[in-house]
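Descriptive analysis of the structure
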Amino acid sequence: MSTTAGRLRHDHCERDWIWEREIEAATWEETRRLGAGAWERQFRRIRESSGFYARKWREAGVGNSFVSLADLSQLPFTTKDELRQALEESPPFGSNLCVAPEQVKRVYQTSGTTGAPSVLALTRGDMESWTVMGTRTYYATGIHEHSSVLTTFGAGPFVAGHTHFVLLRIGTRSVPVAPGDTERVVFGLKAGLADTLLSTASFAQYLANRLEKSDPEPSAIPLTHVVTGGEPGGGIPAIRDHIQRVLGVTVTEVMGIGDVAPSLFGECPHQQGMHFCGAGHVWVELIDPDSHEPMEIETGAVGELVYTALTREAMPIVRFRGSDIVRIEGTSCECGRTSFRQRVMGRRDDMFIVRGVNVYPAAILSVVSEFRPRVTGRARVVRSSDATSIEPPIPVEVEVTERHESDPALAADIENAIHSRLMFRSRVTLVPEADFGEAGYKTSLSRKQPSP
Ligand SMILES: [Zn+2]
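Residues numbered from 1 in each chain as written. Predicted model: local features only at pLDDT ≥ 70, side-chain atom pairs only at ≥ 80, totals over all residues. Heavy atoms only, no water.

1. Topic: the overall build of the chain
- Per the secondary structure count, the chain includes 12 helices and 20 strands.
- Relative to its length of 452 residues, the chain is compact, with a C-alpha radius of gyration of 22 Å against a globular reference of 22 Å.
- The C-alpha extent of the chain, read off along each of the three principal axes, is 65 × 55 × 40 Å.
- Expressed as a percentage of its 452 residues, the buried residues of the chain come to 55%.
- Counting contacts in the chain only where the partners sit at least 6 residues apart, residues at least 24 apart contribute 68% of the total.
- Carbon and sulfur atoms make up 51% of the accessible area of the chain, which totals about 19,900 Å². (Helix = DSSP H or I, 4+ residues; strand = E, 2+ residues; numbered from the N terminus. Rg over C-alpha atoms; globule rule 2.2 N^0.38 Å. Buried < 20%, exposed > 50% of the residue type's maximum accessible area, 1.4 Å probe, protein only. Contact = heavy atoms within 4.5 Å. Areas by Shrake-Rupley, 256 points an atom, 1.4 Å probe, with all protein chains shown as cover.)

Put into structure tokens, the structure is as follows:
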């Protein structure tokens with residue numbers, strides 16, 4: 001194994017590139033044993049103190065005896081809607097609060113993409129386990145003690161704010177900038193305050209587009225590493241390659257789930273998908289999104305990830321459906337980590353069916369991105385109803401630079417490319433940058449439009 005097996009290209013530091021080698025490079029048997037031990041304690045805690053799970057399990061006919069980790073599939077799933085109801089019936093922390101309110105030491109809110117914001121309560125122990133998982137995650141991307149990291153994550157209200165504790169734990173230089181303050185991001189990067197940028201893929205793409213226009217040599221800016229999160233874009237080859245080429249950087253991605261942990265998966269510099277970094281604190285299952293049957297986590301498997309918190313004190317979750325459909329990219333890696341690697345294909349709710357074939361909007365994004373520089377790289381599907389099955393042509397909005405606002409040939413070229421690559425007909429509308437919407441935060445991959 002070469003000494004650079006898990007490092008970024010220009011990193012020659014002496015530290016081990018795996019933060020907790022005894023856990024992250026453990027055998028499957030050791031990992032399972034670690035999880036099973038934690039689950040025994042967690043099961044007891046939930047039985048004793050969660051009104052929410054007491055009722056839920058009773059209603060599902062779960063008996064009084066211990067359910068082992070191996071038999072986890074005997075317990076019912078938990079959905080986002082149920083967690084929201086639990087909050088509403090007993091505010092402010094809900095019927096799933098398993099500690100005294102005085103033990104709640106930090107409160108985040110979720111972005112509430114569907115409805116009102118949710119509240120996430122953490123004990124001191126919860127904050128620590130989130131920091132542990134986050135540290136493994138960001139360290140896996142190649143961020144080390146000598147890194148200088150510019151972030152636009154506010155301390156709150158969102159869970160991404162927890163990343164500040166993680167950077168402190170790794171020991172990096174931190175350069176916090178307010179969310180949306182693009183001018184200061186550009187200044188900080190050009191001035192050499194940071195060599196690493198944490199942002200959404202949309203923002204990194206926007207930055208690359210902007211600097212490509214305004215700067216004679218954007219790759220000369222002393223930025224070497226961009227870590228994207230919050231949306232799947234960083235894992236889409238055409239988007240990743242563009243950011244890497246224009247900015248002269250390595251792009252790796254991270255992923256978390258607000259209700260589970262803000263950083264739970266981190267991609268190592270081999271760029272082959274995100275490693276699961278939550279061993280001992282979170283248990284992951286893969287299920288078939290339609291039949292809900294458990295699936296083997298093996299290379300090539302495509303399914304929905306389901307999460308169980310093994311150490312969470314304030315608001316434990318059991319078999320929480322994360323809604324992300326992922327592809328398992330592998331179960332070993334040259335870096336030495338033994339956890340599985342995955343790439344997100346899309347949200348379960350964003351998926352639609354054309355003539356019997358499942359389509360994720362990210363696949364359309366991947367085709368559209370190849371039309372740069374005429375397009376910016378953003379696109380979305382317009383849905384006129386909640387029906388999962390859609391008749392072609394599928395309406396797609398594609399963001400274009402001003403010069404290509406009315407370019408019928410471009411629209412036709414994209415429609416043809418979608419047809420030949422994804423096997424369905426589409427109707428492409430070109431939308432100028434000014435009308436597509438804010439580029440700073442996440443870009444929604446589909447847009448609901450009421451039918452006429
Ligand atoms: Zn790896």
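Further notes follow.
2. Concerning the coordination of the zinc ion
- Protein-derived ligands of the zinc ion are Cys268 (SG), His275 (NE2), Cys333 (SG) and Cys335 (SG), with the metal-ligand distances lying across 2.2 to 2.4 Å.
- Between the four donor atoms coordinating the zinc ion, the angles at the centre fall across 100 to 118°, so the site counts as tetrahedral.
- When its relative accessible area of 1% is taken as the criterion, Cys268 is described as buried.
- Cys333 sits in the buried class, given a relative accessible area of 16%. (Donors = N, O, S within 2.8 Å, 3.2 Å for Na, K, Ca; no water. Tetrahedral: all angles 85-135°; square planar, octahedral: opposite > 155°, others 65-115°.)

3. Re the packing of aromatic side chains
- This model, assessed by the stated rule, comprises 13 aromatic pairs.
- Ring geometry for Phe43 against Trp57: centres 5.5 Å apart, planes inclined by 15°, an arrangement best described as stacked. Note that Phe43 is positioned in helix H2 (residues 28–49) and Trp57 in helix H3 (residues 51–59), a separation of 14 residues in sequence.
- Taking the relative accessible area as the measure of exposure, Phe43 reaches 4% and is therefore buried. (Phe/Tyr/Trp six-rings, centres within 6.5 Å; stacked < 30°, edge-to-face > 60°.)

4. Let's talk about the sheet that holds strand E19 (residues 426–432)
- Spatial strand order, E19-E18-E17-E20: four strands in an open sheet with mixed pairing. Each edge of the open sheet carries a strand with a single partner, namely E19 and strand E20 (446–448). Along the sheet, successive strands turn relative to each other by an average axial angle of 30°, direction set aside.
- Bridge count for strand E17 (residues 375–383) against strand E18 (residues 394–400) is four bridges, and the pairing is antiparallel. Paired with Val381 across the bridge in E18 is Val396.
- Lying over the sheet, helix H11 (residues 408–422) contacts E17, E18 and E19, oriented at roughly 135° with respect to E19. (Pairing = 2+ DSSP bridges. Axes fitted to C-alpha atoms, helices over the stretch in contact; angles between N-to-C directions.)

5. Section: the side chain of His162
- Looking at the element boundaries, His162 is found in the loop between strand E3 (148–151) and helix H6 (163–170).
- For His162, a relative accessible area of 2% puts it in the buried group.
- A polar contact is formed between the side chain of His162 and the side chain of Thr131, at a distance of 3.1 Å.
- Filtering out sequence-adjacent residues up to four positions away, His162 remains in contact with Tyr108, Leu122, Met127, Trp130, Thr131 and Pro262. (Polar contact = N/O pair within 3.5 Å; in protein donor to acceptor, adjacent residues only side chain to side chain.)

6. Regarding helix H7 (residues 182–190)
- Of all the positions in H7, only Thr182, Val185, Val186, Gly188 and Leu189 are classed as buried. Within H7, the buried residues cover an arc of 165° as seen down the axis, which keeps them to one side. Facing away from the buried side of H7 by more than 90 degrees, the exposed set consists of Arg184 and Phe187.
- Buried-residue contacts for H7 involve E3, strand E5 (196–199) and helix H8 (201–214).
- Immediately downstream of H7, the backbone of Gly192 shows phi near 80°, a positive value. (Arc of directions from axis to C-beta.)

7. Examining H6
- Residues of H6 that are buried: Thr163, Val166, Leu167 and Ile170. Summarising the axial view, the buried residues of H6 lie within an arc of 95°, below the 170-degree limit, and thus occupy one face.
- Looking at the packing, one finds that the buried side of H6 touches helix H5 (124–140), E3, strand E4 (173–176) and E5.
- At the exit of H6 stands Gly171, carrying a positive phi of roughly 95°.

8. A word on the sheet that holds strand E14 (residues 341–347)
- Read from one edge of the open sheet, 12 strands run E4-E3-E5-E6-E7-E8-E9-E14-E13-E12-E10-E11, paired in mixed fashion. Only two strands of the sheet have a single neighbouring strand rather than two, namely E4 and strand E11 (294–295).
- Note that strand E10 (residues 282–287) and E11 share two bridges and pair antiparallel. What sits directly across from Leu286, in E11, is Met295.

9. Here's the deal with the nonpolar core
- Core analysis: the biggest nonpolar cluster contains 49 residues, and Val398 and Ile414 have the highest contact counts within it.
- The contacts of Ile414, once residues within four sequence positions are left out, are Val368, Phe371, Val375, Val398, Val428 and Leu430.
- If you look at the next biggest cluster of nonpolar residues, it comprises 45 residues, including Tyr53, Met127, Ile257 and Val326. (Core = buried A, V, L, I, M, F, W, Y, C linked by side-chain atoms within 4.5 Å.)

10. Structural notes on unusual backbone geometry
- Residue Pro92 follows Pro91 across a cis peptide bond; omega there is 0°.
- For Pro92, the location among the structural elements is in the loop between helix H4 (80–89) and strand E1 (106–109).
- Of note in this structure, His292 is not a glycine but carries a positive phi near 65°.
- Tracing the sequence through the fold places His292 in the loop between E10 and E11.
- The backbone of Ser323 shows a phi angle near 75°, a positive value even though the residue is not glycine.

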